[in-house]
Amino acid sequence: MAGTIGKNGLEHYIWSFVESVLSRRDLPVGTAASLAVTAAPDAADAQIAVAGEPFMSKVSFNVNGENRALDLDPRTTLLDALREHLHLTGTKKGCDHGQCGACTVIVNGRRINACLTLALMHEGDSITTIEGLGKPGRLHPMQQAFIKHDGYQCGYCTPGQIVSAVAVLDEIKAGIPSHVSSDLNGEPQLVAAELRERMSGNICRCGAYSNIVDAIIEVAGSEA
Amino acid sequence: MKTFTYERAHSPADAAAAAARIAGAKFIAGGTNLLDLMKLEIETPAHLIDVNGLKLDKIETSTEGGLRIGALVRNTDLAADARVRRDYGVLARALLAGASGQLRNKATTAGNLLQRTRCPYFYDTNQPCNKRNPGSGCAALGGFSRQHAVLGASEACIATHPSDMAVAMTALGAMIETVRADGTSRTIPIADFYRAPGDTPQLETALAAGELITAVTLPKPVGGTQHYHKVRDRASYAFALVAVGAIVQRDGSGRVALGGVAYKPWRVAAAEAEMPHGAKAVARRLLDGAKPTRENAFKLPLVERTLAAVLNEARA
């Protein structure tokens, strides 16, 4: 994690983005996994086992209401488990370093960066991704508001923005203060300055920020 | 990322013993800094001990009338705690000035104290860095040093500590409780927790191999108005160029700690004695011995001006 994206961070960010776009275009879902299987014959497995390293570890958690059990390399992040193993590709990989927010998911009611946590650390947890909020035909009010207010351009950061926005409204409701709350001991206000501060972990390189804030304010207003 | 083995710890003492026993072991709690560094292979633990199940996630009133904050209390929960907001405003403000909502939900109290510097040369594995690769040199010294330390640095390292929370805890006089590999516990004042870089910038804290932080305690509330003023390149989600955490009493006395200027939050008793005499007098003492680079010399006047803004706010 780094708050400031420095020169190297920015290069990394751009390359991660380019790589993720390329891999999506070149490989249909499932192909990467199949390649991995054919490229790792029994002999390779045996070598790893001889080296005394665990090849796979088991974890189970609930994703969007469904119990899922996985056998994973311990290095697998929650993000990669969702995208590559469960094929829930709505959650995006942007920077892969907790700087951009494209991978935001809700775990046990809290929004987190799925790229900066290991899947193994989530045994028994309840995870909500963008797919769990709503689907075409029965969209979540936040998804509808983003469409109505044109809260995106290229759309890559949008799932993270929407998941984050849903959690932000819960945080305000729970009375959690922010950096811009003038009174630490009062109820946080549902105003644009609060939403901008609370959404600062979600970066939109197309710059749809003002429309995103409009969308969140509309949902907050209808919830109030 | 290098391969590693993984276990879930069942008690703080077991975790500490395992960490000392297994070569290359590291604790993982929130993981927001460690995993970032593991992806870059700057951190390459051979074994991870997941301490999230240790139930160190409570904030309790201590017998001395202060607070005992469990090592695993998340930054969001600490900032939102009613007692912290009411009695330790500098801490709530500092926490809320750091990172993003997503990261604060995951980052823990102990992990925040132990996070590594964001020096760009520490992060760039193509560059020499005495902290990452002891003896290789310091690229920041002749490099782009705008964000770096002006106090307490050495010829080997001019990195700053990135934490906002630690600045507030230093102003509050926090104590760090640990358990060691042999099962014994001890308490370290935060003022003695961070090691000056000297010739060994890779050694950052007073913790021994395997030693696990279990809690941070705050003394009973000291009152006053409490402030955390962070100056950075963006309005949100950026590290401090200069940060001032302060507690100001009605008679003008008080405490102050600086962030963004050194390897640790910077607090000087002689500077606090000058509090009733205004920002210029306090800043002069705080910055005594400062050695800025050409690129970060702006931090010296910025400290004084930020302090003046805080003292104005306190009088208002």
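Residues numbered from 1 in each chain as written. Chains lettered and ligands numbered in written order. Predicted model: local features only at pLDDT ≥ 70, side-chain atom pairs only at ≥ 80, totals over all residues. Heavy atoms only, no water.

Student: Explain the overall build of chain A here, please?
Tutor: Helices and strands together make up the secondary structure of chain A, namely nine helices and five strands. The N-to-C order of helical and strand elements in chain A reads α-α-α-β-β-α-β-β-β-α-α-α-α-α. In chain A, of all internal contacts separated by at least 6 residues, the share reaching a separation of at least 24 is 57%. Carbon together with sulfur atoms contributes 55% to the accessible area of chain A, which is approximately 10600 Å² in total. (Helix = DSSP H or I, 4+ residues; strand = E, 2+ residues; numbered from the N terminus. Contact = heavy atoms within 4.5 Å. Areas by Shrake-Rupley, 256 points an atom, 1.4 Å probe, with all protein chains shown as cover.)

Student: Honestly, the interface of chain A and chain B in this entry has me stumped. Any pointers?
Tutor: How big an interface is tends to be expressed through the accessible area that disappears when the partners come together. Taken together, the contacts link 46 residues of chain A with 51 residues of chain B. Both sides together, the interface formed by chain A and chain B hides about 4000 Å², and carbon and sulfur atoms give 53% of it. Put simply, chain A and chain B have two salt bridges between them. The closest approach of N and O atoms between D77 of chain B and R110 of chain A, which form a salt bridge, is 2.4 Å. Scanning the region where chain A abuts chain B turns up 22 residue pairs in polar contact (both at pLDDT 80 or more). When residues of the side of chain A that touches chain B are traced back to their parent elements, those giving at least two are α1 (7–26), β4 (110–113) and α7 (158–173) of chain A. With four residues, the top contributor of residues to the side of chain A that touches chain B is β4 of chain A. For the side of chain A that touches chain B, the class distribution of residues is 13 nonpolar, 24 polar and nine charged. (Buried area = accessible area lost by both parts, 1.4 Å probe. Salt bridge = Lys/Arg side-chain N within 4 Å of Asp/Glu carboxyl O. Polar contact = N/O pair within 3.5 Å; in protein donor to acceptor, adjacent residues only side chain to side chain. Nonpolar A, V, L, I, M, F, W, Y, C, P; charged D, E, K, R; others polar.)

Student: I tried to follow the side chain of T170 of chain B on my own but got confused; where do I start?
Tutor: Note on placement: T170 of chain B falls in helix α9 (residues 165–172). A relative accessible area of 7% places T170 of chain B in the buried class. (Buried < 20%, exposed > 50% of the residue type's maximum accessible area, 1.4 Å probe, protein only.)

Student: Would you explain the confidence of the model for chain B in this entry?
Tutor: Mean pLDDT over chain B: 97, with 100% of residues reaching 70 or higher. Predicted complex metrics record ipTM = 0.97 and pTM = 0.90. (pLDDT = per-residue confidence, 0-100.)

Student: Would you mind going over the pattern of salt bridges with me for this structure?
Tutor: Pairing is possible between side chains of opposite charge, provided their charged atoms come close. In this structure the tally under the stated criterion is 25 salt bridges over all chains. The shortest N-O distance in the salt bridge between K93 of chain A and D80 of chain A comes to 3.0 Å. Of this pair, K93 of chain A sits in the loop between α4 (78–85) and β3 (104–107) while D80 of chain A sits in helix α4, and the two are 13 residues apart along the sequence. Put simply, E274 of chain B and R285 of chain B hold a salt bridge, and the shortest N to O gap is 3.8 Å. Pair noted here: E274 of chain B is in the loop between α10 (269–272) and α11 (279–286) and R285 of chain B is in helix α11, with a separation of eleven residues, a long-range link. Here R285 of chain B falls in the partly exposed class, since its relative accessible area comes to 37%.

Student: Which parts of the structure should I look at to understand the sheet that holds strand β6 (residues 175–179) of chain B?
Tutor: To summarise the sheet geometry, strands pair through backbone hydrogen bonds and adopt either a parallel or an antiparallel arrangement. Residues and elements named next belong to chain B. Sheet architecture is open: five strands sit in the order β4-β5-β8-β6-β7, paired in antiparallel fashion. Each end of this open sheet is capped by a strand with a single partner; those strands are β4 (59–61) and β7 (185–189). Put simply, the sheet's adjacent strands are angled 25° from each other on average, direction ignored. (Pairing = 2+ DSSP bridges. Axes fitted to C-alpha atoms, helices over the stretch in contact; angles between N-to-C directions.)

Student: Hey, could you run me through the nonpolar core in this one?
Tutor: Across soluble globular proteins, nonpolar side chains have a tendency to be buried as a group. Counting residues in hydrophobic clusters, the biggest one holds 81 residues, and the most contacted among them are L78, L91, L113, M169 and V261 of chain B. With seven residues, α9 of chain B is the largest single contributor of residues to this core. If we ignore the near neighbours within four places in the chain, the residues touching L91 of chain B are I69, L78, V84, M165, A168, M169, L172 and L218 of chain B. Core analysis: the next-biggest nonpolar cluster, separate from the first, contains 33 residues, L72 and A119 of chain A together with I28 and M38 of chain B among them. (Core = buried A, V, L, I, M, F, W, Y, C linked by side-chain atoms within 4.5 Å.)

Student: Where do I start with empty space enclosed by the protein in this structure?
Tutor: All names here are of chain B. Evaluation of the coordinates by the stated rule reveals four cavities of 30 Å³ or more. Within this model, the largest cavity holds a volume of roughly 170 Å³. Q147, T160, P162, F239 and A240 are the residues nearest the centre of the largest cavity, which is lined by 19 residues in total. Broken down by class, the residue content of the lining of the largest cavity amounts to nine nonpolar, eight polar and two charged. (1 Å grid on protein atoms, 1.4 Å probe; cavity = no way out; pocket = protein on both sides within 12 Å on 5 of 7 lines; lining within 4 Å. Points joined across faces, edges and corners; volume = space filled by probe spheres on them.)

Student: Please clarify how the packing of helix α6 (residues 141–148) of chain A against α7 of chain A should be interpreted in this entry.
Tutor: In a pair of packed helices, the angle between the axes and the distance between the axes together describe the arrangement. Residue and element names in this part refer to chain A. Packing of α6 against α7 brings their axes to within 10 Å, and their N-to-C directions diverge by 125°. Relative to α7, α6 is oriented oblique. The chirality of how α6 crosses α7 is right-handed. Judged by residue contacts, M142, Q143 and F146 of α6 engage T158, Q161, I162, A165, V166 and L169 from α7. Taken together, the residues of the contact of α6 with α7 break down into six nonpolar, three polar and no charged. (Parallel < 35°, antiparallel > 145°, perpendicular 65-115°, else oblique. Left-handed = near helix turned anticlockwise from the far one by under 90°.)

Student: Quick question: what am I supposed to make of the packing of α11 of chain B against helix α12 (residues 299–315) of chain B here?
Tutor: Residues and elements named next belong to chain B. Between α11 and α12, the shortest axis-to-axis distance is 9 Å and the interhelical angle comes to 135°. In terms of orientation, α11 and α12 fall into the oblique class. Crossing angle aside, the handedness with which α11 passes α12 is right-handed. For the pair α11 and α12, the contacting residues are A279, K280, V282, A283 and L286 in the first and V303, E304, L307, A308 and L311 in the second. A class-by-class count of the residues in the contact of α11 with α12 yields eight nonpolar, no polar and two charged.

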